[in-house]
Amino acid sequence: MVLTDDQRALQESARRFARERLLPDYQKREKLGVLDRGLLAEMGSLGFIGVDLPERLGGLAADAVTTGLIAEELAYGDFNISAVPVGASLNAAILVRHAQPELVDEWVPRMIRGEAVVAICLTEPRGGSDASNLQLKAKRVADVSGDHYVINGEKTSITFADRADAYLIFARTGRPEEGAKGVSAFFIPATSPGIQCTHFDDVGSAIIGRGSVFFDDVKVPMSHRIGDEGKGFTQVMQGFDYSRALIGLQCCGAAQASLDEAWTYAKEREAFGKPIGQFQGVSFPLAEGESQIAAVRQLCYHALALRDAGLPHTSEAAMCKWMGPRNAFDVIHQCLLTFGHYGWSKDLPHQQRMRDVMGLEIGDGTAQIMKLVIARGRIGRAAIQY
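Numbering of residues starts from 1 in every chain and runs along the sequence as written. For a predicted model such as this one, the threshold for reporting local features is a pLDDT of at least 70, and the threshold for listing and counting side-chain atom pairs is 80 or more; totals across whole chains, interfaces and linings nevertheless cover every residue. To get the side-chain values, take all heavy atoms of the structure and skip hydrogens and water.

Asker: Break down the overall build of the protein for me, with residues and values.
Answerer: In terms of regular secondary structure, the protein is built from 11 helices and 10 strands. Over its C-alpha trace the protein gives a radius of gyration of 21 Å, about what one expects of a compact globule, namely 21 Å for 386 residues. In terms of principal-axis extent, the alpha carbons of the protein reach across some 85 × 50 × 40 Å. Only protein chains enter the accessibility calculation, which uses a 1.4 Å probe; a residue whose area is less than 20% of its type maximum is buried, one above 50% is exposed, and one in between is partly exposed. Residue burial in the protein is summarised as follows: out of 386 residues, 52% are buried. Across the protein, contacts joining residues at least 24 apart in sequence account for 73% of those joining residues at least 6 apart. Helical segments are the DSSP runs of H or I of at least four residues, strand segments are the runs of E of at least two, and each set is numbered from the N terminus. The globule rule used here is 2.2 Å times the number of residues to the 0.38 power, and the radius of gyration it is set against is calculated over C-alpha atoms. Should any heavy atoms of two residues lie within 4.5 Å, those residues are considered in contact.

Okay, here's the thing in structure tokens:
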């Protein structure tokens, strides 16, 4: 992949920031369990959030490949912090395309500056993979205060649940038998009356958090509906093609950090009077890891390049989404083993990276669903069992 001068400059800037500002405190941030808002604001001031968004809103109007470069570099320093710009690229793009101009002008610049985090809320207790089977209800009401919606129900397994400043939610406005066609999207500030959150005690990704969001008679003005009624599910599914490729690059960034550390250790650590890197039992697994991550990386940039060219990339994005977390986990695991008994310690970052990337083997679409998407791309509805 040949980069332009502007892309190389942004990549180098993000690389320095990741190694100098993010990487040294990656493990410390997990222990604190707090999303550092000052760090997000610093990222925003450097142009690392919303690089693909319009310049009039504070973005750089860059292409998808450039956005991927930033996501990968930031994930090298802190996998969880890199989720903020990836989430902004997904959520803000939905707002820019479908929300009222006043809502866009108020919230998208704040997201780009790192001042506001928006959580996308799709999953519910009864279904994650069955994403269109939503029970959260949005009832349209007309009273003395004017037309509005009243939202009731629960969203669960929501990233940034108790960290978010606003929620981009998907609720049923139509009949259950309408499936995806009866789903609408809404934008709801976290300070709205009737919202409560929980925080899950997860295996990884402590600083971004995950939990349930409960909506109890939450009033939403008509101006906060995103797009047309009954079109919300289609809107979010289109955005996932983009975010899935970015997630693959996040995983590549985390795995590359562990590979670089493992190679350095293999060169410096001695056994039997020689650097352990001379033993093929040590160097070959790392060489395989380099190969796997290089392959996934190229696939991700290929998917983003297809997007930039306006070409279909749903299958390619699904490949990125299942191969990225799976290969990153395996490679980081091997890096941990390379460090021997030192690796079996929370003093080193490999165990944390392994736990962090593993979450994306579930979130944003499981490997099984991604493979179904790929199969459907090849043979159509014959691949669908239901």
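There is more to say after this.
Asker: Residues and numbers for the packing of helix α8 (residues 280–308) against helix α9 (residues 314–338), please.
Answerer: Orientation is described by lines fitted to C-alpha atoms, with helices fitted over the stretch in contact, and by angles between N-to-C directions that extend from 0 to 180 degrees. At a minimum axis distance of 9 Å, the contact between α8 and α9 shows a crossing angle of 160°. Regarding the angle of α8 to α9, the classification is roughly antiparallel. Considering how the two elements wind past one another, α8 and α9 form a crossing that is left-handed. Residues Val282, Pro285, Leu286, Gly289, Gln292, Ile293, Val296, Leu299, Cys300, His302, Ala303 and Leu306 of α8 form the contact with α9, whose participating residues are Glu316, Ala317, Met319, Cys320, Met323, Gly324, Asn327, Ala328, Val331, Gln334, Cys335 and Thr338. Any residue outside Ala, Val, Leu, Ile, Met, Phe, Trp, Tyr, Cys, Pro, Asp, Glu, Lys and Arg is labelled polar, Gly included; the first ten of those are nonpolar and the last four are charged. For the contact of α8 with α9, the class distribution of residues is 16 nonpolar, 7 polar and 1 charged. Working definition: roughly parallel below 35 degrees, roughly antiparallel above 145 degrees, roughly perpendicular at 65 to 115 degrees, and oblique for all remaining angles. Crossings are assigned a handedness: left-handed for a near helix turned anticlockwise from the far helix by less than a right angle, right-handed for a clockwise turn.

Asker: Run through the nonpolar core, naming residues and quoting values.
Answerer: The tendency in soluble globular proteins is for nonpolar side chains to be buried as a group. Of all hydrophobic cores here, the largest spans 69 residues; its most connected members are Ile151 and Ile169. Once residues within four sequence positions are removed from consideration, Ile151 is found in contact with Leu136, Lys137, Ala138, Ile169, Phe186, Ile188, Phe215, Asp216, Asp217, Val218 and Val220. The set of buried Ala, Val, Leu, Ile, Met, Phe, Trp, Tyr and Cys residues whose side-chain atoms join them within 4.5 Å is what this entry labels a nonpolar core.

Asker: With reference to specific residues and values, describe the side chain of Ser283.
Answerer: Among the structural elements, Ser283 can be located in helix α8. Discounting chain neighbours no more than four positions away, the residues touching Ser283 are Trp263 and Gly277.

Asker: Mind laying out the pattern of salt bridges, listing which residues take part and the relevant values?
Answerer: Here a salt bridge means any side-chain nitrogen of Lys or Arg lying within 4 Å of a carboxyl oxygen belonging to Asp or Glu. All chains considered together, the criterion is met by 19 salt bridges. Of the charged contacts in the structure, one is a salt bridge between Asp147 and Arg140, with a shortest N-O distance of 3.7 Å. Residue Arg140 is classed as partly exposed on the basis of its relative accessible area of 44%. Each of Arg15, Arg19 and Glu73 takes part in a single network of salt bridges with overlapping partners.

Asker: How would you sum up helix α7 (residues 232–268)? Please name residues and give values.
Answerer: Given a helix with a known number of residues, its expected span is that number minus one, times 1.5 Å. The first and last C-alpha atoms of α7 sit 54 Å apart over 37 residues, in line with the 54 Å expected at 1.5 Å per residue. When the local axis directions of α7 are compared, the greatest deviation, roughly 30°, occurs at Asp241. The element α7 is largely enclosed, with a buried count of 28 among its 37 residues. Values of bend correspond, residue by residue, to the angle between axes fitted over the seven residues ending at that residue and the seven starting there.

Asker: Got a sec to walk through the packing of aromatic side chains? Specific residues and values, please.
Answerer: Only Phe, Tyr and Trp rings take part, Trp by its six-membered ring, and two of them pair if their centres are within 6.5 Å. Stacked means planes under 30 degrees apart, edge-to-face means over 60, and tilted covers everything else. This model, assessed by the stated rule, comprises 7 aromatic pairs. With 5.1 Å between their ring centres and 65° between their planes, Trp107 and Phe187 make a pair best called edge-to-face. Remark: Phe187 occurs in strand β5 (residues 183–189) and Trp107 occurs in helix α6 (residues 101–112); sequence separation between them is 80 residues. The same class applies to Trp107 as to Phe187, namely buried. Consider the rings of Tyr265 and Tyr342, whose centres lie 6.4 Å apart with planes at 75°: the pair is edge-to-face.

Asker: Quick rundown of the state of the cysteines? Include the residues and the values.
Answerer: Note on terminology: disulfide denotes any pair of cysteine sulfur atoms within 2.5 Å. Under the counting rule described, the total for this entry stands at 0 disulfides. Sulfur of Cys251: no disulfide; nearest cysteine sulfur belongs to Cys252 and is 7.1 Å away. The closest cysteine sulfur to the non-disulfide-bonded Cys320 is located on Cys300, 3.6 Å from its own sulfur. We classify Cys320 as buried; its relative accessible area is 0%.

Asker: Give me the packing of helix α5 (residues 83–98) against α7: which residues, what numbers.
Answerer: Between α5 and α7, whose axes approach to 10 Å, the crossing angle comes to 160°. In terms of orientation, α5 lies roughly antiparallel with respect to α7. At the point where α5 passes α7, the crossing takes the right-handed sense. Contacts from Ala83, Val86, Ser89, Leu90, Ile94, Arg97 and His98 of α5 reach α7 at Gln235, Val236, Gly239, Phe240, Tyr242, Ser243, Leu246, Ile247 and Gln250.

Asker: So what about unusual backbone geometry? Which residues, and what values?
Answerer: We note that Ser205 has phi near 50°; this positive angle belongs to a residue other than glycine. Among the structural elements, Ser205 can be located in the loop between β6 (195–197) and β7 (210–221). For Phe272, which is not glycine, the phi torsion reads 55° and is therefore positive. Assignment of secondary structure puts Phe272 in the loop between β9 (270–271) and β10 (274–275). A relative accessible area of 79% means that Phe272 is categorised as exposed.

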